[in-house]
Amino acid sequence: MTETRSTCPYCGVGCGVIIESRGSQITGVRGDPDHPANFGRLCTKGSTLHLTASADITAQARLLHPMQRLQRGAPAQRTDWDSALDLAASRFADIIEQHGPDAVGFYISGQLLTEDYYVFNKLAKGLIGSNNIDSNSRLCMSSAVAGYKQSLGMDAPPACYDDIQHAGTIFITGSNTAYAHPILFRRIEDARRANPALQLVVVDPRRTDTAGTADLFLQIQPGTDVMLHHGMLHLMLWEGWTDAAFITAHTSGFDALKALVRDCTPELVAHTCGISQAALLQATRLFAGVQASGQVRTPTLSLYCQGLNQSSSGTAKNTSLINLHLASGQIGRAGAGPFSLTGQPNAMGGREVGGMANLLSGHRDLGKAADRAEVAALWGVPSVPGQPGKTAVEMFQAAADGEIKALWIACTNPAQSMPNQTLVRRALERAEWVVVQEAYAGTATCTYADLLLPASTWGEKEGTVTNSERRISRVRAAVEPAGEARPDWHIATDFAQRLEALLNPQHALGNAGLTTLFPYPTPEAIWLEHRESTRGRDLDISGMSYALLEQAPRQWPMAQGQADGQARLYEDGIFPTADGRARFISVTYQPVAEPRSARYPFSLTTGRLRDQWHGMSRTGTLGHLFGHASEPSVQLHPQDMVQRGLKEGDLVHLTSTRGSVLVPVQASREIGLNQAFMAMHWGEEFLSGQSAQGERLAGVNALTSGAFCPDARQPELKHTPVKILKAEMPWQLLAVAWLPASQGIAVRFALQDLMAQFDFATCVPFASATSNGQGERSGVLFRAARHAAPQSGLLAKIEQLLQLQGPEVLRYSDHKRGQQRAARLIETDTHTVLEGFLLAGDTRAQCWMTTLLKESLPAHSYGRALLIPGATPPMPVVSRGQQVCACFSVTDLAIEEHLAHSTAAPAQRLASLQASLKCGTNCGSCLPQLQRMLASHLMTVSA
């Protein structure tokens, strides 16, 4: 067995991993105990990475060869690399020559490595001469970037992870850290155990698992963060809690801000945000670090993410929070500072190389001629264009309008993740030429590609990434790329060299003494050029090398001659602005871009599930990761459901001004009244159907708005006004079956092709309830609904795919009434089990039959009773319950059973639970839910 140190490809925590491999196959993964981001810990997603790289999943899910569509809508055909890249270069060159360099656009990803990002950026801005290159980080971090630059002078998070253990107050706002950055949340839990005086304040419209652990929770109305921050500053001024000495010595613009927040009284803020004045005062005192005893001000660390960023006021939310840090001197010291949590594994690295439409390499300013000249000289090109390019939403709008003719999309899935899917899909359809560079073949965007280029992925790549605390880590390949896949930097370089020859810039190359602008035999060669671009800049990494990074990850800045990087910034009170002072930014509170109305009375927000990642192209290959949230749903407050006559599982039309989806409803007390929540992951790959106009439904982002922040151009994904109406779907279908590991994903892809023949359809994997991810059984669940029963041939196709045909299958059919049932029973060495079933028309037996199948309960006594309609089983079926702990497949019923019989003292019951069932002892992602269940149990016992 070979062991290779690398990093996790999921969130921006940047966890180190050790990959185990044998030959060409990754066989295991564990946390790297020496990596300073995680010290050996991994979340549910990271700890199952090796399972996503299995031979069966690779063969079914990965894009393994270059593929070309000869016409839109036709099946893609295999081609070779030279033909594919020659064709791509020819098409791009023709479009550039006919329509100019701004007729093409590149949409790339925060999951690319820094070296990949660098080549794409140089390709667009240096070779083609267009700034039309943007990243899905625009949907993630651009408001944080703009906020840091406006307030502090540069895009540089000033804090580090170690500040968690030094903080007196941790202020989490707009982040469900327990789900989105679970390993960082483990560090918060550790810090609270070590320091019981540490206070956790959480601000969020939802009572998330993060909020459930808080000492103080402010459940604000969506989009009111700026008003909250202004109101807190108003109170700081009123109570005398500001740091006048720091403000005078190190900031500018405070007088204008004082005048602005004068009117943000506690009464107005409480009314606008939907919180109490007492909670507002308590939060302000804790943020200011003012102790009742009058001791020295304690440090406050704020942690924030998409709840602030994904907003039409995203930059204002960021700067108004930073205002609070500057006003109270909570920056530049241990345990204090505004700390933006990066959403993707290398969104920070992409920002460092300028891989967005309004950025330049090395944190240079696109609007400054001197900065553009420096980059042009480094690259060996005459100039770099000064006009900002099209950002994400603008790029797809331009393509939909016919202004951009060609799109190159790498390592991202805009047909799932972008807001306003009607616009995005119109853009992909209208563009003359679409190239998709992707590791996975089943993404929604792949169906629009004229050319598909197979990219290598986690475990197959070499390069670097930068995490949230500015720490650069090496990414190492454990195995060769699958099939004919190639590293992203290699694909971009090969394409660039071909395009370079067609655009004929030899005069420029000759003047610079170059033969190509892209002389990169290895990713290290790219990184060295990037390193040079940072010399003397705020993010100077001239003191780093691949050799040093092999020894340990390091934080920037780390200039040549320095032994290590800088843990926290601005300790000297000097900021990278013209006068060396941080700036107070005065921006008036603005409500959400689209407020609720009588017609659209609910505020829909989107966010993450605990065990899934983005569009689920990787995590969605594992049924094991669907145990905690098994199917798509929209969550509503129980009171709202009662008022609308909705029951758990009812189908509802979820509709905005842009589109509609059909989805089951779920009750949740996490949600406020007149609000709704739906996970961001549910795209058409897992949730679809057919609209009234006959178009395929596009998942949750068919609803969301492309309205964006005027400074950051980041769209308002966190708020969409919607209406919710019960859907009357008389005919329903549920088909569930275990499948061989070598067929499950392929069957799911085939079923996805059938989803548009129903009004509502969902197709998800599942895994054995007793598995821990190792050698798990997997299956597929297909649920659908229509106004009327479909033709029998469609059901026969579903039965065939799910292997519900043959002599061992019991069946019943009444075509006149649209009723059909099938059940496949298999004899094992010990008992008979249900391997698959289909219920069409009457699906009321689904609860007990699904339990019978998924938990592999003995089924020999049921026989033909499996074909009897109705909700009541012929004999009791006892479920193991809903999964809580994914690592050890521990369910809520098992936890409740243990707690009911526990004789341990209340303070020891969690430890007793962990010792007995092991839940919460591995990745820890389930700990917040365990704590909540324990608290509920103790309240019940005490009552």
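Look up: the structure comes first, before these words.
All values derive from a computational prediction rather than experimental measurement.

This part takes up the overall build of the chain. The secondary structure content of the chain amounts to 33 helices and 37 strands. Against the compact-globule benchmark of 30 Å for 943 residues, the chain has a radius of gyration of 28 Å, which places it among compact chains. Its C-alpha atoms give the chain principal-axis dimensions of roughly 80 × 70 × 60 Å. A burial count over the chain gives 64% of its 943 residues as buried. Per element, the accessible surface of the chain, about 32800 Å² overall, is 50% carbon and sulfur. Within the chain, the 84 negative side-chain charges are centred at a point lying 4 Å from the centre of the 80 positive side-chain charges.

This next bit is on the pattern of salt bridges. Summed over all chains, the structure comprises 45 salt bridges. With a shortest N-O distance of 3.5 Å, Glu-684 and Arg-696 are connected by a salt bridge. With Glu-684 in the loop between strand S27 (675-679) and strand S28 (687-688) and Arg-696 in the loop between S28 and strand S29 (720-726), this residue pair connects regions lying twelve residues apart in the sequence. Take Arg-696: its relative accessible area is 29%, and that puts it in the partly exposed class. A salt bridge links Asp-842 to Arg-844, with the nearest nitrogen and oxygen atoms 2.8 Å apart. A relative accessible area of 13% means that Asp-842 is categorised as buried. Where salt bridges share partners, they join Glu-462, Arg-474, Arg-476 and Glu-550 into one cluster.

On to the packing of aromatic side chains. Evaluated as defined, the whole model comprises 22 aromatic pairs. Note on Phe-254 and Phe-584: the rings are 4.7 Å apart at their centroids and 45° apart in plane angle, and the pair reads as tilted. Residue Phe-254 is located in helix H13 (residues 254-261), and its partner Phe-584 is located in the loop between strand S22 (582-583) and strand S23 (602-607); the two are separated by 330 residues in the primary sequence. There is no split in this pair, since Phe-254 and Phe-584 are both buried. Here a set of aromatic residues connected by ring pairs shows up, and it is made of Phe-92, Phe-106, Phe-120, Trp-408 and Phe-495. Over the face of the ring belonging to Phe-518 we find Lys-122, whose NZ or CZ atom lies 5.5 Å from the ring centre. Above the plane of the ring of Phe-677 lies Arg-206, whose end atom (NZ or CZ) is 3.6 Å from the centre.

We now examine the sheet that holds strand S2 (residues 16-22). Strands sit in the order S1-S2-S3 across an open sheet of three strands; the sheet is antiparallel. With partners counted over all chains shown, the strands left at the sheet margins are strand S1 (2-7) and strand S3 (25-31), one partner each. With direction set aside, neighbouring strand axes in the sheet form an average angle of 30°. Note: S2 against S3, six bridges, orientation antiparallel. The residue bridging Ser-21 from the neighbouring strand is Ile-26, located in S3.

On to the side chain of Glu-835, then. For Glu-835, the position within the fold is in strand S35 (residues 832-841). In this view, Glu-835 contacts Val-736, Ala-737, Trp-738, Arg-777, Arg-824, Ile-826 and Leu-853; residues no more than four positions away in its chain are not counted.

As a further point, take helix H19 (residues 369-379). Looking only at H19, the buried set comprises Asp-371, Arg-372, Val-375, Ala-376 and Trp-379. Projected down its long axis, H19 shows its buried positions confined to an angular sector of 135°, all on one face. Turned more than 90 degrees off the buried face of H19, the exposed positions are Ala-369, Ala-370 and Ala-377. Structurally, H19 contributes buried residues whose contacts are with helix H5 (114-128), strand S14 (359-360), strand S15 (364-365) and helix H25 (523-533).

Taken together, five strands build an open sheet; the order of strands is S10-S9-S8-S12-S13 and the sheet is parallel. Looking at strand neighbours, the two that pair on one side only are strand S10 (216-218) and strand S13 (337-340), the edges of this open sheet. Ignoring strand direction, the axes of neighbouring strands in this sheet form an average angle of 15°. By the bridge criterion, five bridges tie strand S8 (residues 169-173) to strand S12 (residues 300-304) in an arrangement that is parallel. Looking at the pairing, Thr-173 lines up with Tyr-304 of S12.

Further remarks concern the nonpolar core. In this structure, Leu-152, Leu-218, Leu-228, Leu-233, Leu-326, Met-544 and Trp-556 are the most contacted members of the largest nonpolar core, which totals 57 residues. Examining the composition of this core, we find that seven residues originate from one element, helix H11 (residues 225-239), more than from any other. Sequence-distant contacts of Leu-326, that is, excluding residues within four places in its chain, are made with Leu-152, Phe-246, Ile-247, Thr-251, Ile-331, Ala-582, Arg-583 and Phe-584.

This part takes up the packing of H11 against helix H15 (residues 277-288). For the pair H11 and H15, the least separation of the axes is 9 Å and the interaxial angle reads 75°. In terms of their interaxial angle, H11 and H15 are classed as roughly perpendicular. Only Leu-280, Leu-281, Ala-283, Thr-284, Phe-287 and Ala-288 of H15 make contact with H11, whose side of the interface consists of Leu-228, Met-232, Leu-235, Met-236 and Glu-239. Residue classes in the contact of H11 with H15 are distributed as nine nonpolar, one polar and one charged.

Let us look at the packing of H5 against helix H23 (residues 488-503). Two numbers describe how H5 lies on H23: the axes approach to 8 Å, and their chain directions differ by 15°. One element, H5, and the other, H23, form an angle in the roughly parallel class. Crossing handedness for the pair H5 and H23: left-handed. Here Glu-115, Asp-116, Val-119, Phe-120, Leu-123, Leu-127 and Ile-128 of H5 come into contact with H23, specifically with Asp-488, Trp-489, Ala-492, Thr-493, Phe-495, Ala-496, Leu-499, Glu-500 and Leu-503. Looking at side-chain class alone, the contact of H5 with H23 contains eleven nonpolar, one polar and four charged residues.

A few words now on the side chain of Ser-175. The topology assignment puts Ser-175 in the loop between S8 and helix H8 (177-180). What makes Ser-175 buried here is its relative accessible area of 3%. In this structure the side chain of Ser-175 is engaged in a polar contact, spanning 2.9 Å, whose partner is the side chain of Thr-177. Apart from the residues lying within four places of it in its own chain, the contact partners of Ser-175 are Asp-204, Thr-210, Tyr-304, Cys-305 and Leu-341.

For the bond from Trp-556 to Pro-557, the omega torsion is 0°, close enough to zero to count as cis. By the element assignment, Pro-557 lies in the loop between strand S21 (554-555) and S22. Look at Arg-470: it is not a glycine, yet its phi comes out positive at around 65°. Tracing the sequence through the fold places Arg-470 in the loop between strand S19 (463-466) and strand S20 (471-475). Arg-470 sits in the buried class, given a relative accessible area of 0%.

Before going further, it helps to examine the pairing of strand S30 (residues 731-739). Among the nine residues that make up S30, eight are buried, leaving the element largely enclosed by the rest of the structure. By the bridge criterion, nine bridges tie S30 to strand S32 (residues 778-786) in an arrangement that is antiparallel. The partner of Ala-735 across the bridge, within S32, is Phe-782. Relative to S35, S30 runs antiparallel, the two sharing six bridges. Paired with Gln-732 across the two strands is Gly-841, which belongs to S35.

Looking now at the pairing of S32. Counting buried positions along S32 gives eight out of nine residues, so the element sits mostly inside the fold. Strand direction decides the pairing type here: strand S31 (residues 760-767) and S32, joined by eight bridges, are antiparallel. Paired with Thr-762 across the two strands is Arg-783, which belongs to S32.

Another point: the environment of Leu-42. Looking at the secondary structure, you find Leu-42 in the loop between S3 and helix H1 (44-47). Sequence separation between Leu-42 and Gly-31 is eleven residues, and the spatial gap between their C-alpha atoms is 5.6 Å. Those residues within four positions of Leu-42 in sequence are excluded, and the remaining contacts are Cys-15, Gly-16, Val-17, Val-29, Arg-30, Gly-31, Ser-47, Ile-183 and Cys-923.

Rules and cut-offs
- All residue numbers here refer to positions counted from 1 along the written sequence of the relevant chain.
- Under the rules for a predicted model, residues below a pLDDT of 70 receive no local features and side-chain atom pairs below 80 are neither given nor counted, while totals for whole chains, interfaces and linings still include all residues.
- Side-chain numbers come from the whole structure's heavy atoms, not from hydrogens or water.
- Numbering goes from the N terminus for both helices and strands, where a helix is a DSSP run of H or I of at least four residues and a strand is a run of E of at least two.
- For this measure, only C-alpha atoms enter the radius of gyration; the expected value for a globule follows 2.2 Å times N^0.38, where N is the number of residues.
- Classification of residues uses two cut-offs on accessible area relative to the type maximum, computed with a 1.4 Å probe and protein chains only: under 20% is buried, over 50% is exposed, and between them is partly exposed.
- The Shrake-Rupley method, run with a 1.4 Å probe sphere, supplies the accessible areas, and residue values consider only the shown protein chains as cover.
- Only four residue types enter the charge count: Lys and Arg as positive, Asp and Glu as negative, with His and the chain ends excluded.
- Here the site of a charge means atom NZ of a Lys, CZ of an Arg, CG of an Asp or CD of a Glu.
- The salt bridge definition used is simple: a Lys or Arg side-chain nitrogen within 4 Å of an Asp or Glu carboxyl oxygen.
- Planes of paired rings set the category: under 30 degrees apart is stacked, over 60 is edge-to-face and the rest tilted, where pairs are Phe, Tyr or Trp rings (Trp by its six-membered ring) whose centres lie within 6.5 Å.
- Criterion for a charge above a ring: Lys NZ or Arg CZ within 6 Å of the ring centre, and within 35 degrees of the ring normal.
- When DSSP locates at least two bridges between a pair of strands, those strands are taken to pair.
- Angular values range over 0 to 180 degrees, each being the angle between N-to-C directions of two axes fitted as lines to C-alpha atoms, with helices fitted over their stretch in contact.
- The criterion used for residue contact is that any of the two residues' heavy atoms lie within 4.5 Å.
- Within this analysis, the arc is defined by the directions that extend from the helix axis to the C-beta atoms.
- The set of buried Ala, Val, Leu, Ile, Met, Phe, Trp, Tyr and Cys residues whose side-chain atoms join them within 4.5 Å is what this entry labels a nonpolar core.
- Working rule for angles: under 35 degrees goes down as roughly parallel, over 145 as roughly antiparallel, 65 to 115 as roughly perpendicular, anything else as oblique.
- Lys, Arg, Asp and Glu make up the charged group, whereas Ala, Val, Leu, Ile, Met, Phe, Trp, Tyr, Cys and Pro make up the nonpolar group; the residues left over, Gly among them, are polar.
- Helix crossings get a hand from a simple test, with the near helix turned counterclockwise from the far one by less than a right angle marking a left-handed crossing and a clockwise turn marking a right-handed one.
- We define a polar contact as two N or O atoms separated by no more than 3.5 Å, with the added condition that, inside protein, one atom must be a possible hydrogen donor and the other a possible acceptor, whereas residues neighbouring each other in sequence contribute only through side-chain atom pairs.

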